[in-house]
Amino acid sequence: MSAVVDVIIAVHSPNRPIARAVASVLHGNESQTRLTLVCHNVSADVIAAELPAVHHDQVTWLEHHDGVPSASGPFNAGMRAATGDFVSIMGSDDTLAPAAVASWLLLAQQSGAECVMTTLAIGASARRVPTPPVRPMRSGRRHADPVRDRLSYRSAPLGLVSTGARDRLGAELVEGMPVGGDVPYVTRLWCETKVAVDTKGPAYVIGEDARDRVTYAPRPIEVELSFVRHLIEQPWFTAYPDAVRTAVATKLVRIHLFGVIPNRADPMWWTTTERTALAAVLADVLGVAPRAADPLSLADHRLIDAMQDTAIDAETLIQRAKDRRRHGRPATLIPRDLTRLAQREAPPRFMAASWWASR
């Protein structure tokens, strides 16, 4: 009998806490679930040695050798091999709370959703992650709206994705990109399928303790943000209504473009080449959605000014990136254009929804 949900875990190293991830799926989520381990550029025997023997026959094993340091390839391989009604991908550092899959399936059944976003938590503290910051008080049984429920702020397809919806859209993770290959994929899912958000159920828990996590030199901006340009150039994206393109673009600026600066806190890193590349990506995003930055705060706009003007020194760029994160100050609460104060993406409503989602 075919499983209802194919859970796919991609693992590239025996130093990942893969035994913990597997145990969390097989203990409390095993009903109607098939677990596939995709061993990425590593032998299945190497990964199998990290699991208790009792779990070896409870796992479907795949090897995927592409020589590319990106999780998109092995996840796609696992999802292409899936035969269940839904697929769910999972990082090898992460875990599922008991009965999480049953919670997703129940919500899918009750709502008729093709995709179910799971509750997210972080580490042993189980701190809730308030993304997406959906409308307060909304019922999870109702289909979420990609604009009104800010669905684009969930950048990973965690939870359930209908195999039928994937087939209908031809949607897959973008392969070859070191980061962000899931962003175009989920953008299409959230905007073109029936989506339910599981706001109270058992969580997908993001791990914080992988033994081989290392610090590495930041990638060039052209590489780091290549997924942004890929997304906004897709014909299906440019065909979206203006409100949808604008909502997605606001998120791209607020999360991804702003987010590359704090991770590059050495002014010497910001060469003319990197500053020009960042300005170009920002211009491209605003080119497809000219009003995307309108509801952002005064502090955000000061950072945008520094991103656009490469004559502004890197120290100022970095400081403005820090200033926009000093939440609660007037400059972070008030949009530059006061007529935007009550907009959905303006700081007062956005922060209130994020607070509610974290409860």
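This text follows the structure it describes.
The model shown is predicted, which means the values in this text are computed figures rather than measured ones.

S.K.: I tried to follow the packing of aromatic side chains on my own but got confused; where do I start?
M.R.: Two descriptors summarise a pair of aromatic rings, namely the distance from one centre to the other and the angle between the planes of the rings. Within this structure, the stated rule accounts for five aromatic pairs. Here the aromatic rings of tyrosine 153 and phenylalanine 350 are separated by 5.0 Å at their centres, their planes lie at 50°, and the arrangement is tilted. Taken as a pair, tyrosine 153 in the loop between β8 (127-128) and β9 (159-162) and phenylalanine 350 in helix α16 (residues 347-357) lie far apart in primary sequence, 197 residues in all. Seen in terms of ring centroids, tryptophan 269 and tryptophan 270 are 4.9 Å apart; in terms of plane orientation they differ by 80°. Their pairing is edge-to-face. Aromatic ring contacts, followed pair by pair, group Trp236, Phe237 and Tyr240 into a single cluster.

S.K.: How do you make sense of the pattern of salt bridges when you look at a structure like this?
M.R.: A side chain with one charge may pair with a side chain of the opposite charge, provided their charged atoms come close. All told, the structure shown has 20 salt bridges when counted by the stated rule. Note that glutamate 192 is salt-bridged to arginine 188, the shortest N-O span being 3.0 Å. Of this pair, glutamate 192 and arginine 188 are both found in helix α7 (residues 182-192), four residues apart, which corresponds to roughly one turn of the helix. Taking the relative accessible area as the measure of exposure, arginine 188 reaches 18% and is therefore buried.

S.K.: It is not clear to me how the sheet that holds strand β3 (residues 59-64) should be interpreted in this structure. Could you clarify?
M.R.: Hydrogen bonding along the main chain pairs the strands of a sheet, whether they run parallel or antiparallel. One open sheet holds the seven strands; their spatial order is β3-β2-β1-β4-β9-β6-β10, and the pairing between them is mixed. Only two strands of the sheet have a single neighbouring strand rather than two, namely β3 and β10 (195-197). The mean angle between the axes of side-by-side strands here comes to 25°, regardless of whether they run parallel or antiparallel. Relative to strand β2 (residues 33-40), strand β1 (residues 5-11) runs parallel, the two sharing seven bridges. Pairing of isoleucine 9 across the sheet is with leucine 37, part of β2.

S.K.: Where do I start with the pairing of β2 in this structure?
M.R.: Along any regular strand the residues' side chains alternate between the sheet's two faces. When you tally the buried positions in β2, you get seven out of eight residues, the bulk of the element. Taken together, β1, helix α1 (residues 18-26) and β2 constitute a β-α-β crossover, and its handedness is right-handed. With six bridges connecting them, β2 and β3 associate as parallel partners. Paired with cysteine 39 across the two strands is glutamate 63, which belongs to β3.

S.K.: I'm lost on the nonpolar core in this one. Help?
M.R.: It is characteristic of soluble globular proteins that their nonpolar side chains tend to be buried jointly. One finds Leu225, Val228, Ile261, Trp270, Leu278 and Met307 to be the most contacted residues of the largest nonpolar core, which totals 43 residues. The set of elements that each furnish at least two residues to this core consists of α9 (226-232), α10 (235-238), α11 (242-259), α12 (272-288), α13 (298-308) and α14 (314-323). Here the element with the most residues in this core is α11; it accounts for eight residues. In contact with valine 228, other than residues within four places in its own chain, are Leu252, Leu257, Val281 and Val285.

S.K.: In this structure, what is going on with the sheet that holds strand β7 (residues 120-122)? I would like to understand it.
M.R.: An order of β5-β11-β7-β8 is seen for the four strands of this open sheet, with the pairing classed as mixed. Both outer strands of the open sheet, β5 (95-96) and β8, are each paired with one neighbouring strand and no more.

Reading the values: the criteria
- Residues numbered from 1 in each chain as written.
- Predicted model: local features only at pLDDT ≥ 70, side-chain atom pairs only at ≥ 80, totals over all residues.
- Heavy atoms only, no water.
- Phe/Tyr/Trp six-rings, centres within 6.5 Å; stacked < 30°, edge-to-face > 60°.
- Helix = DSSP H or I, 4+ residues; strand = E, 2+ residues; numbered from the N terminus.
- Salt bridge = Lys/Arg side-chain N within 4 Å of Asp/Glu carboxyl O.
- Buried < 20%, exposed > 50% of the residue type's maximum accessible area, 1.4 Å probe, protein only.
- Pairing = 2+ DSSP bridges.
- Axes fitted to C-alpha atoms, helices over the stretch in contact; angles between N-to-C directions.
- Right-handed = clockwise from strand over helix to strand, strands pointing away.
- Core = buried A, V, L, I, M, F, W, Y, C linked by side-chain atoms within 4.5 Å.
- Contact = heavy atoms within 4.5 Å.

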